[in-house]
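Summary of structural features
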Amino acid sequence: MCPYELHVRTRLVPLDRTPRGSAARAPPPAADPVTPVPAPRVTRRPVSLTELSPTAPPEPASAGPTSSTSGAELVQLLTPEGERVHHPDYDVDLTDEQYRELYRDLVLVRRIDVEATALQRQGELGIWAALLGQEAAQVGSGRALREKDFAFPTYREHGVAWCKGVDPLTLLGLFRGASNGGWDPQEKRFNLYTIVIGSQTLHATGYAMGIIKDGAVGPQADGSDGEAAIAYFGDGASSQGDVNEAFVWASVYNAPVVFFCQNNQWGISTPTAAQTRIPLYQRALGFGFPGVRVDGNDVLASYAVTRHALDTARTGGGPTLVEAFTYRMGAHTTSDDPTRYRLASELEAWKLKDPLERMKSFLYKQQLVDSDFFGQLQTDSDALAARIRKGCLEMPDPDPLLMFDDVYAEMTPLLQEQRAAFGSYLEGFADGGHR
Amino acid sequence: MAALTMAKALNEGLRASMEHDPKVVLMGEDIGKLGGVFRVTDGLQKDFGEDRVFDTPLAESGIVGTAIGLAIRGYRPVCEIQFDGFIYPAYDQIVSQLAKIHARSRGQVKMPVTIRVPFGGGIGAVEHHSESPEAYFAHTAGLKVVACSNPVDAHFMIQQAIASDDPVLFFEPKRRYWEKADVDTTMTPDPLWQARVVREGTDATLIAYGPMVKTCLDAATAAQEDGRSLEVVDLRTLSPLDFPTVFASVRRTRRAIVVHEAPSFVGMGAEISARLSEELYYEMEAPVLRVTGFDTPYPPSRLEEEFLPDLDRVLHTVDRSLAY
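Residues numbered from 1 in each chain as written. Chains lettered and ligands numbered in written order. Predicted model: local features only at pLDDT ≥ 70, side-chain atom pairs only at ≥ 80, totals over all residues.

All names here are of chain B. Running from N to C, helix α1 (residues 6-20) and helix α7 (residues 151-163) cross one another at 30°; their axes reach a closest spacing of 8 Å. Taken together, α1 and α7 sit at an angle that is classed as roughly parallel. Regarding α1 and α7, the two cross each other, and that crossing is right-handed. Residues M6, A9, L10, E12, G13, L14, A16 and S17 of α1 touch α7, and the partners they reach there are P151, A154, H155, F156, I158, Q159 and I162. For the contact of α1 with α7, a count of residues per class yields ten nonpolar, four polar and one charged. (Axes fitted to C-alpha atoms, helices over the stretch in contact; angles between N-to-C directions. Helix = DSSP H or I, 4+ residues; strand = E, 2+ residues; numbered from the N terminus. Parallel < 35°, antiparallel > 145°, perpendicular 65-115°, else oblique. Left-handed = near helix turned anticlockwise from the far one by under 90°. Contact = placed C-beta atoms within 7 Å. Nonpolar A, V, L, I, M, F, W, Y, C, P; charged D, E, K, R; others polar.)

Here you go:
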């Protein structure tokens, strides 16, 4: 169980939705947006009812691309300087140990990322998609997940994988080219990485529809209150048809799914402004569910907002789009060269908002840590890096004949024939076909 | 005459097409400032402006769908699909719309859309970055499908594809992007819809396209040391397929081996084999054999050398053919 249960404080405001599905049928949400329903256990004000009204004035087309991070639209609980600030709708109240644990996660996840990048540079990985700069969005949202909540990642969610208990070395296997996954998605409640952009948002939505059909929304016999799914994707993916279809499906079925968009400002070389003319979180309104923008470099806010969205979903409140406003501090992947398309000054500006530094400052200011803490963390971080490096270097190549296995639940005669023929062919080499 | 990589030869070809026809526009993900992930469009946005070379939102169906609209409006769009495995979100627009509009309009609406697709494996990439989807498109009436194998062809074939009034899927062997050849940009190229005998031989014909042409040429060189003379045909165009050139070659050598990275089942090799058996049944000494990727998903890259046809597997199959 996640150690951060039940610490989100929010205001109780009824949402305008009830679950759809076998257990409970309600009018479509748009039909009567003010029908009161029993309040979910925790909730917040995502958007006002007037904002949901179809008569609300649209964004002026002349406004152009918007990517403001200022003002009330951005949920923030920790300033870049590490000052604890308060938001009218979201808050967290963690124990000292939990604050330290969050920082520890951030540090270790970054260390995994740095080590993997180095291994790629040394030729041990084919490629690596760095999460540098996005640690808070991933750890915050990842730690908001309960054990049963199912996450559907892209290929960059190494921090969420960490929170879900997937061994980082397993992730490296994929980027080394030794596997296409390596963990059991059902056991970890963490789907395999999805590389084709946006596809997984529909998978998460379908999974969430299954939660409804299983009656696993709302209070359960064992005293718990339901399950949720979360779909990770990025600003680039928001343009894909699949993502927009997922929004439609989730809305129509009132599926218990959270769409967690890490807007890291860049889809390889393409800025977010080339994908959208309104802030991404506002797109949710058009689909009929709330959207919220959170400071994705603020681990506390990312945790609070995701936690709330998940609880809304699991208790029948339907989907939420969370736009975690963050920054891809590194390249798209190790094959990319961002100096060709973006200014160094932009990176420098975002470095001032580094997700680790602000949490560290917070811990200092709150006097939650001492030098022993940092010393131990450094030791643990070094040990983790050493283990990853050793494991990567020692990782065996898979048996070539494994290619043929598991393509089907029931192997076909054609593949049996190809497997046997290729096996004989390899045996014809002096070294058994090993290179 | 300059030695150009295939990527640069394509770049120069695109440039020539854009200079020749102001209706040619390039569109795709990251093709502008970045110049494409393989740099094939490097510098073109700078020289031709953002109206003619533009980054699209990240949506492949959108790229092809809007290209169709631009074509209806009189433009000649050249779409880049960033990697082979990303073409499937656009599959509906390509197969249901792009391929059929000319026929549905009884020729009133032309679809001069070129879709460039870096394809094939061999670069150590992760999933969906090493696929060979050409057969899906060759199977679809209304589409033309070509694959270049060297910088010279790349340079001219891209211009010919763009000039075509039919939609063309243009497959570029990504692992050959950085191989160089002297390109005389002033020469008169072969017609686009022709195969070419790229090495003459007498004992068997290797039939290939795209990345496998070089593999077959290497195999032919190796076979020569064993006293075997292999002919190599570069198909260049997969749909339409230049059967006369293929038949003429196999009529001479009496043995045919088709080589491609794509899986064998219902692949290009199956069609070529069927046509050869129909046309040259009494003249061949051996059944048509195939050397292909296996009928499995493309494997993790540490296994791709086993998956992909290589010199050893080609020669092994030549031995089998000659044993008949």
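So, about the sheet that holds strand β2 (residues 150-152) of chain A. All names here are of chain A. The six strands are arranged β1-β7-β8-β4-β3-β2 in an open sheet whose pairing can be described as parallel. Strands with a single pairing partner mark the edges of an open sheet, and in this sheet they are β1 (74-75) and β2. Pairing geometry for β1 and strand β7 (residues 291-295), over two bridges, is parallel. Paired with V75 across the strands is V294, a residue of β7. (Pairing = 2+ DSSP bridges.)

Strand pairing within a sheet occurs via backbone hydrogen bonds; the two strands may be parallel or antiparallel. Residues and elements named next belong to chain B. What the five strands build is an open sheet, ordered β9-β11-β10-β13-β14; its pairing is mixed. The open sheet has two edge strands with one neighbour each: β9 (196-199) and β14 (289-293). Between one strand and the next, the sheet's axes are offset by a mean angle of 25°, whatever the strand orientation. Note that strand β13 (residues 256-263) and β14 share five bridges and pair parallel. Within the sheet, the bridge partner assigned to I257 lies in β14 and is L289. Of the strands in this sheet, β10 (204-208), β11 (230-234), β13 and β14 are in contact with helix α12 (residues 311-322), which crosses β14 at around 160°.

Right, let's talk about helix α8 (residues 241-253) of chain A for a bit. All names here are of chain A. Taking 1.5 Å as the rise per residue, α8 with 13 residues should run 18 Å; its terminal C-alpha atoms sit 18 Å apart, in good agreement. Inspection of α8 places D242, V243, A246, F247, A250, S251 and Y253 among the buried residues, and these make up the whole buried set. Lining the buried residues of α8 we find α7 (199-213), β3 (229-234), β4 (257-263) and α9 (283-287). Immediately beyond the C-terminal end of α8, within one or two residues, lies N254, with a positive phi of roughly 50°. (Expected span 1.5 Å × (residues − 1). Buried ≥ 20, exposed ≤ 12 C-beta atoms within 10 Å, placed from the backbone.)

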